[in-house]
Protein chains: 2
Amino acid sequence: MIKTVIIGQGNVASHLTTAFNATINIEVVQVNSRHLENIPDSDVTIISVSDDAIFSVSNQLKNRSGLIVHTSGTATIDAISQKRKGVFYPLQSFTKNRSVDFSKIPFCLETIIKEDYKLLELLVEILNAKPYKVDTSQRKKLHLAAVFVNNFTNHMYQIGQEICEKHNVPFEILHPLIEETAKKITEISPKEAQTGPAKRNDAQTIQSHLENLNLQQQKMYQLITQSIQEN
Amino acid sequence: MIKTVIIGQGNVASHLTTAFNATINIEVVQVNSRHLENIPDSDVTIISVSDDAIFSVSNQLKNRSGLIVHTSGTATIDAISQKRKGVFYPLQSFTKNRSVDFSKIPFCLETIIKEDYKLLELLVEILNAKPYKVDTSQRKKLHLAAVFVNNFTNHMYQIGQEICEKHNVPFEILHPLIEETAKKITEISPKEAQTGPAKRNDAQTIQSHLENLNLQQQKMYQLITQSIQEN
């Protein structure tokens, strides 16, 4: 039995607590970061709070035993002040009230001590999830890449929806295309998968598209089209 | 039994032929657009060639009976010169050698004559797919929206992959996030689903991200970030 304490009330903390509770080999206590007294001992303490607060929470746990980790995609491992420190970053977009299949989630792990890595790896394996050894510098790059494939992609969806709404076409017509676009790149590279007017230098279609966009959308359309053509 | 002829050798023509052949209620003959003589009679003739070639192919079929349609997302219905004309546009990204589940494909249908619409609708229903009544003007807007949710999204994936490769992180770590991002917008709107540094005005993270991008990526990052913040 691995004893864990999760500090924090956010989406990651809640989903992790639910997932740990569903196993028989992990014991978990979830703690509000504003009440850090009388926390039970644990093998691993998971600080799952906003990036700004990690250091101060870690400092309040100065004499705590066991491994102390955070769950951030961007904070350095040194945001934890204890000697036995680490990172336990589940790379997924968590939403309140939307259930998560942990078996599909990659965990980016980092520790100072080799045995601590094995401990985190064991947690990940009990969840049937997939562990990846990723250091702080790589994790920051991964987080940057995630901004493109998650936040910026989602914004492309938003613009698509706005165009549909403006012209009274149901956005749901595009759902299967969105799903297929996401699936395809698990089999062939995005570069190989690319199609469309930018890729085939179809100046006439590009011109007609630009005429139907507002100024901000035009700028994005032109810049992304140029980037597709040059890369 | 509905008799169909499909003219063209591209991905759409091939996938449609395969799908029609798998039904017991649709008979199909696939024809190369360079050999338009002695084509058997049919209830529906589907011209599935490049946009530029639709008009000329249709002209070569002047005295042909039945309904004549094209499969283009952008060409007007008037690209067909016959009186009984229409559009039969499957809105999906087709790839050679990648099988397609037609039951998930939305078909955008347009005809001049009401009975012809019913005929196209029947074809779609036999495929277990979903018909949508979409006129030429709406279809063009849908195609524009598709450029954002498919081509531009795919380019975001490409940039994500390039960042990963540059820093020796496997791109596959991002696959589950990509899938979840695509799934989420079938339940909540993209605007509601948005998270990340742009959304929460995290200037420090944005600055650190910009420092790790090339000039072209920086411009895209800034423009999309601004658009997220203003919309």
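Criteria and thresholds
- Residues numbered from 1 in each chain as written.
- Chains lettered and ligands numbered in written order.
- Predicted model: local features only at pLDDT ≥ 70, side-chain atom pairs only at ≥ 80, totals over all residues.
- Heavy atoms only, no water.
- Least-squares fit on C-alpha atoms with pLDDT ≥ 70 in both.
- Contact = heavy atoms within 4.5 Å.
- Buried area = accessible area lost by both parts, 1.4 Å probe.
- Salt bridge = Lys/Arg side-chain N within 4 Å of Asp/Glu carboxyl O.
- Buried < 20%, exposed > 50% of the residue type's maximum accessible area, 1.4 Å probe, protein only.
- Helix = DSSP H or I, 4+ residues; strand = E, 2+ residues; numbered from the N terminus.
- Right-handed = clockwise from strand over helix to strand, strands pointing away.
- Polar contact = N/O pair within 3.5 Å; in protein donor to acceptor, adjacent residues only side chain to side chain.
- Pairing = 2+ DSSP bridges.
- Axes fitted to C-alpha atoms, helices over the stretch in contact; angles between N-to-C directions.
- Core = buried A, V, L, I, M, F, W, Y, C linked by side-chain atoms within 4.5 Å.
- Parallel < 35°, antiparallel > 145°, perpendicular 65-115°, else oblique.
- Left-handed = near helix turned anticlockwise from the far one by under 90°.
- Nonpolar A, V, L, I, M, F, W, Y, C, P; charged D, E, K, R; others polar.

1. A few points about the relation of the copies chain A and chain B
In step 1: Of the transformation superimposing chain A on chain B, the axial component is 0.0 Å and the angular component is 180°, with the fit at an RMSD of 0.0 Å. What the rotation and shift describe, once combined, is the action of a two-fold rotation axis. Within chain A, Thr-153 of chain A has its C-alpha nearest the rotation axis, a separation of 2.5 Å.
In step 2: In this assembly the copies share their binding face: 100% of the residues contributing to the interface of chain A also contribute to that of chain B.

2. Things to note about the interface of chain A and chain B
In step 1: Tallying the contact residues gives 82 residues for chain A and 82 residues for chain B.
In step 2: Here chain A and chain B share an interface that buries about 8,200 Å² over both sides, 66% of which is from carbon and sulfur atoms.
In step 3: Summed over the shared surface of chain A and chain B, the result is four salt bridges.
In step 4: Between Glu-179 of chain A and Lys-104 of chain B there is a salt bridge whose closest N-O contact spans 3.8 Å.

3. Focus: the pairing of strand 3 (residues 44–47) of chain A
In step 1: Burial along strand 3 of chain A is two-sided: Val-44 and Ile-46 of chain A facing one way and Thr-45 and Ile-47 of chain A facing the other are all buried.
In step 2: Traced from strand 3 of chain A through helix 2 (residues 51–60) of chain A to strand 4 (residues 67–70) of chain A, the parallel crossover comes out right-handed.

4. Things to note about the side chain of Thr-71 of chain A
Residue and element names in this part refer to chain A.
In step 1: One can find Thr-71 in the loop between strand 4 and strand 5 (85–90).
In step 2: Here Ser-48 takes part through its side chain, which lies 3.1 Å from a polar atom of the side chain of Thr-71.
In step 3: Among residues more than four places away in sequence, those in contact with Thr-71 are Val-12, Leu-16, Ile-46, Ile-47, Ser-48, Phe-88, Tyr-89 and Pro-90.

5. Topic: the environment of Asn-231 of chain B
In step 1: Take Asn-231 of chain B: it is sitting in the segment after helix 8 (215–230).
In step 2: Considered as a pair, Asn-231 of chain B and Lys-191 of chain B are 40 residues apart in the sequence and their alpha carbons are 8.3 Å apart.
In step 3: Not counting the four nearest positions on each side in its chain, Asn-231 of chain B is found in contact with Gln-158 and Gln-216 of chain A together with Lys-191 of chain B.
In step 4: Side-chain polar atoms of Asn-231 of chain B contact the side chain of Gln-216 of chain A, separated by 3.1 Å.

6. Some points on the sheet that holds strand 6 (residues 106–111) of chain B
Backbone hydrogen bonds are what pair the strands of a sheet, in a parallel or an antiparallel way.
Residues and elements named next belong to chain B.
In step 1: Overall, mixed pairing links the seven strands, which are arranged 2-1-3-4-5-6-7 in an open sheet. The two strands at the open ends of the sheet, each matched to only one other strand, are strand 2 (26–31) and strand 7 (130–133). With direction set aside, neighbouring strand axes in the sheet form an average angle of 25°.
In step 2: Together, strand 1 (2–7), strand 2, strand 3 (44–47), strand 5 (85–90) and strand 6 form the strand contacts of helix 1 (residues 11–21), whose direction differs from that of strand 2 by roughly 150°.

7. Quick look at the nonpolar core
In step 1: Core analysis: the largest hydrophobic core is formed by 74 residues, its most contacted members being Leu-174 of chain A together with Leu-174 of chain B.
In step 2: Here Leu-174 of chain A is in contact with Cys-164 of chain A together with Leu-91, Leu-142, Ala-145, Ala-146 and Val-149 of chain B, once residues within four sequence places are set aside.

8. Section: the packing of helix 4 (residues 136–166) of chain A against helix 5 (residues 175–184) of chain B
In step 1: One can describe the packing of helix 4 of chain A onto helix 5 of chain B by two numbers: an axis separation of 10 Å at closest approach and a directional angle of 15°. Classified by the interaxial angle, the pair formed by helix 4 of chain A and helix 5 of chain B is roughly parallel. The two elements helix 4 of chain A and helix 5 of chain B meet at a crossing, and its hand is right-handed. Within the contact between the two elements, helix 4 of chain A uses Ala-146, Val-149, Asn-150, Thr-153, Asn-154 and Tyr-157 of chain A and helix 5 of chain B uses Leu-177, Ile-178, Thr-181 and Ala-182 of chain B.
In step 2: Split by residue class, the contact of helix 4 of chain A with helix 5 of chain B holds six nonpolar, four polar and no charged.

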